[in-house]
Structure formats: C-alpha cells, structure tokens
Amino acid sequence: MKKLLISALILAYGLGAGAQEKKTVTLPSWVNDVKLSGYAMTQYSYTDEEGAKANSFNLRLIRLSLDGRVANDFYWKLQFQANGNTANQGGSPRIVDAFAEWQKYDFARIKVGQFKRAFTFENPMHPITEGFYTYAQAINKLAGMSDRTNEHSSNGRDIGVQLQGDFLKNSNGRNLLHYQIGVYNGQGINKKDVDQQKDIIGGLWVMPIKGMRIGAFGWTGSYARKGKWTEINATTGDEEAHEGTRKLQKRRYAFSAEYLTNDWTFRTEYIHSTGYAFAKSANDKENESNANINAALGDKADAYYAAVIAPVIKKKLYAKARYDLYRSTAEWNSARSLYEVGMNYEFNKNIQVNFEYAFVNDRNKADKNSNMIDVQLDFKF
C-alpha cells in the first residue's frame, strides 16, 4: 500500500510539472502509517422453513478499509462495504466506518464520525471473530443491525461522538474498569438527524480477572421519519391522516458477560427494548415517507443468548454452540429460538471455514420448527 501511494504521488507530480528532470517528493509522515486491509465472507445457506425455503450461495460481506495514525495521538479509519444486495438502502456499496479518535490518554479517548454504537459486547466484534454464522438475534434486532424499529440496515453503527476509557489499574498494570458514552443522531449510518433528538448510549464494565468482562448498558433516544401516516382518534374513533415528522421513542438496556481463557470463549447477553416500530423497513427507499407504525407488534421486545466456543485443536479447530432467543413482543408466544452447533477451522490467520447447524423453533409461525445449515469461507488480508 505504501509503495502504491508513493508511486501514484510521484507520477502525479511528474505529469503536473511536465518536466523530464528528476524530482524529489517529500511525503507527509502520516502516509507511512496508512494501512490497507480487508476481508470477504462467502456463504452457502439452506433452510427448510415452510414458506421461506432456500438453498443458495451468497456473498455475505466484502469490506475494504484504510486506517492509520496522525501525530501518534490520532487514529482514523475509513471502511467500505459491498455485498450481494444492491437494490435498497441496506445494500452496497456504502461507507460503514468514517471516524477519527484522539487516543492520547487511555482513560479518555474521544471518537468523532460514524462508528459502532456503544451498546453490548458483541456489536463491536469483527464479523469473522464473532464466531457464528451471524450475530445473535439480540444484536441484529436491538443494536441497529436490522433493527426492530425498521430503520435501514446500519451494521450496528450511527453518526456521533463518543468518550471512552479504561482506568483503575491493579498491581499488574491491568485496568479493572471501562466506560463509554456516546451521543448519536439516532438515524443509523449515512443519515442526518430527522427529529433533533439525539440518542445517548452508555456502558460500564468491570474486568475483575484477566479475560473476564461483566457489563451493563443503557440507551435512550428515538428513531424518526418525515412522511405521512394514519391513526385512530381515541375520542371519535375516526381514522385521521397526518403528515410531518413522526418519532418513536427508544429505551433499551443490556447486561453482558464474557470470559476468554485458554483459547475458550464464553459469552452471554440480555437486552430489553421499549418503543414502537414503523410498519415498513427503510431498506426500501420508497418506505422512508411511510410513517405508519406496527401497532400489533407492541412496544416491548427482549432477547437473550448464551454462546461457547471450545478449542478441539488449539488455535486451529473449534467446536461451538449457542442458544439464541428473540421475543418480538417480550412474550413467549412471540419467541424465536435457535439451537446452534458447529465447527470452525482456521487454515491460517487469514483463511477459515465455518460450519453451523441450527434447529429453529419460531412460535410466530404456523409450522413452528425448521432446520438451517450454514457454511462460510472467510478470508482476510
């Protein structure tokens, strides 16, 4: 990457000058720290779910990123995503990360731009190292991936500013406490604020022993649309048409725990959400002006998962299992449960293959039980 940048700059300089003599180009020092990286996740998936049977190869994700440091104290990153879906706002290509962070002090780092929301342990994890065929339903539905509110797919990210840090070192110099708090637009990635109410998200966790984190998170804010909607007048019983800005309040909290030890991974999280959802997904641009709500869904939801990844051959072959529950109305009659088992094999640090089987019990469906198989080949550079 460094050689490519240098060559391009020298060529541009030479053409611009129109001269044949040799020129000396002095590059800014930060160019030496620029890194190009990326990864791709290819996928085969099968499901026998009634009414949604599928058997397909897929490009789950392709990402390229540039990152580096400026004057040692500032870290920056740009990351772009492409995948097989280009028909809507949840498609590709698009910018997923664009931020800079002042990192002079461990106890107070300030990040500005577009980046992961400060909510849950799993949300900020790399899709490959997360370990399963996708993030848990708790993260997908309640942390801004394919959110319950029906905002456009945002990969758990938003635009804003965040303060975070680690402090209270023990005798070995290891920090025991971490905090983070962010202020965001509340509209997901690549979107300006609509209702001028910001989302505030924060978390605090303790690290009592090496590899262990126990934390709690809170989220208050809204998701809004400018458009048209109808609703029933509570006094007259008549259906009335409205137009303008409609915002849905969002209140969420989460409890999280993780323990990494001797190449084992244990992780569990619970999330509770209060707030209504729009009836149509903003992944379809035509729905951005549809401000009707899904009243039947109600204003509460919760989710829980527990996962373990165990080494069969250390640093090479892993067995894994996860129980993954999402209740779209916070009631058991809306529960969707996945019982997952699988294996991950790492050829080397850049290539791995993942296999997973899941038994799905979805109480929202007439035919409640189904099976799913997922195989992924992931490679990074």
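Residues numbered from 1 in each chain as written. Predicted model: local features only at pLDDT ≥ 70, side-chain atom pairs only at ≥ 80, totals over all residues. Heavy atoms only, no water.

Q: Describe the environment of Phe119, listing the residues and the values that go with them.
A: With respect to the helices and strands, Phe119 occurs in the loop between β5 (108-116) and α2 (137-142). What makes Phe119 buried here is its relative accessible area of 0%. In this structure Phe119 touches Leu142, Ala143, Gln180, Ile201, Phe217, Gly218, Trp219, Arg252, Tyr253, Ala254 and Ile271, once residues within four positions along its chain are discounted. (Helix = DSSP H or I, 4+ residues; strand = E, 2+ residues; numbered from the N terminus. Buried < 20%, exposed > 50% of the residue type's maximum accessible area, 1.4 Å probe, protein only. Contact = heavy atoms within 4.5 Å.)

Q: Residues and numbers for the packing of aromatic side chains, please.
A: Scanning all chains against the criterion turns up 19 aromatic pairs. Cluster of aromatic residues (ring-pair linked, three or more members): Phe119, Phe121, Trp205, Phe217 and Trp219. Taking the ring centre of Trp219 as reference, the NZ or CZ of Arg252 above it sits at 5.0 Å. (Phe/Tyr/Trp six-rings, centres within 6.5 Å; stacked < 30°, edge-to-face > 60°. Lys NZ or Arg CZ within 6 Å of the ring centre and 35° of its normal.)

Q: Run through the pairing of strand β11 (residues 264-274), naming residues and quoting values.
A: As paired elements, strand β10 (residues 239-261) and β11 share eleven bridges and run antiparallel to each other. Its bridge partner lying in β11, Thr261 is registered against Trp264. In sequence, β10 turns back onto β11 through a hairpin of two residues, with Asn262 there showing a positive phi of about 50°. (Pairing = 2+ DSSP bridges.)

Q: Which residues make up empty space enclosed by the protein, and what values go with them?
A: Throughout the structure, instances matching the rule amount to one cavity of 30 Å³ or more. What the largest cavity holds in volume is close to 30 Å³. Lining the largest cavity are Met41, Arg60, Pro127, Ile128, Gly131, Phe132, Gln352, Asn354, Gln376 and Asp378. (1 Å grid on protein atoms, 1.4 Å probe; cavity = no way out; pocket = protein on both sides within 12 Å on 5 of 7 lines; lining within 4 Å. Points joined across faces, edges and corners; volume = space filled by probe spheres on them.)

Q: How would you summarise a nonpolar patch on the surface if you had to cite specific residues and measurements?
A: A cluster of nonpolar residues, Ile110, Val112, Val161, Leu163, Ile181, Val183 and Ile200, forms a patch on the protein surface that exposes about 510 Å² of accessible area. For the nonpolar patch, the secondary structure elements donating two or more residues are β5, β6 (157-169) and β7 (175-184). (Patch = residues over 30% accessible without salt bridge, like charges linked within 9 Å, V, L, I, M, F, W, Y side chains within 5 Å. Areas by Shrake-Rupley, 256 points an atom, 1.4 Å probe, with all protein chains shown as cover. Salt bridge = Lys/Arg side-chain N within 4 Å of Asp/Glu carboxyl O.)

Q: Go over unusual backbone geometry, please, and point to the residues and values.
A: Even without glycine at this site, Leu168 takes up a positive phi of about 65°. Within the secondary structure, Leu168 is located in strand β6. Its identity is not glycine, yet Asp263 carries a phi of approximately 75°, on the positive side. With respect to the helices, strands and loops of the structure, Asp263 is situated in the loop between β10 and β11.

Q: Lay out the nonpolar core in plain terms, naming residues and giving numbers.
A: Within the largest apolar cluster, 29 residues are counted, with the highest numbers of intra-cluster contacts made by Phe119, Ile139, Leu142, Ile201, Phe217 and Ile271. Where this core is concerned, the elements lending two or more residues are α2, β8 (199-206), β9 (212-232), β12 (300-313) and β13 (317-327). With six residues, the next largest nonpolar core counts Tyr223, Phe278, Ala282 and Ala291 among its residues. (Core = buried A, V, L, I, M, F, W, Y, C linked by side-chain atoms within 4.5 Å.)

Q: Describe the layout of surface pockets, naming the residues involved and giving the relevant values.
A: Over the atoms a probe the size of a water molecule is rolled, and this reveals where empty space is left. In this structure, the second largest pocket occupies an estimated 340 Å³ of space. Elements that contribute at least two residues to the lining of the second largest pocket include exactly β10, β11, β14 (335-348), β15 (351-362) and β16 (369-380). Taken together, the residues that form the lining of the second largest pocket break down as seven nonpolar, seven polar and seven charged. (Nonpolar A, V, L, I, M, F, W, Y, C, P; charged D, E, K, R; others polar.)

Q: Go over the pattern of salt bridges with me, naming the residues and quoting the values.
A: Inspection of the entire model under this criterion finds 21 salt bridges. Of the charged contacts in the structure, one is a salt bridge between Arg109 and Asp166, with a shortest N-O distance of 3.5 Å. Separated by 57 residues along the polypeptide, Arg109 in strand β5 and Asp166 in strand β6 bring together distant segments of the chain. Overall, Asp166 belongs to the buried group, its relative accessible area being 19%. For the salt bridge of Glu130 with Arg267, the shortest nitrogen-to-oxygen distance reads 3.9 Å. Separated by 137 residues along the polypeptide, Glu130 in the loop between β5 and α2 and Arg267 in strand β11 bring together distant segments of the chain. Residue Glu130 shares its accessibility class with Arg267, and that shared class is buried. Sharing partners across several salt bridges, the network here consists of Glu122, Glu130, Arg213, Glu258, Arg267, Arg322 and Glu340.

Coordinates in, geometry out; function isn't part of it.
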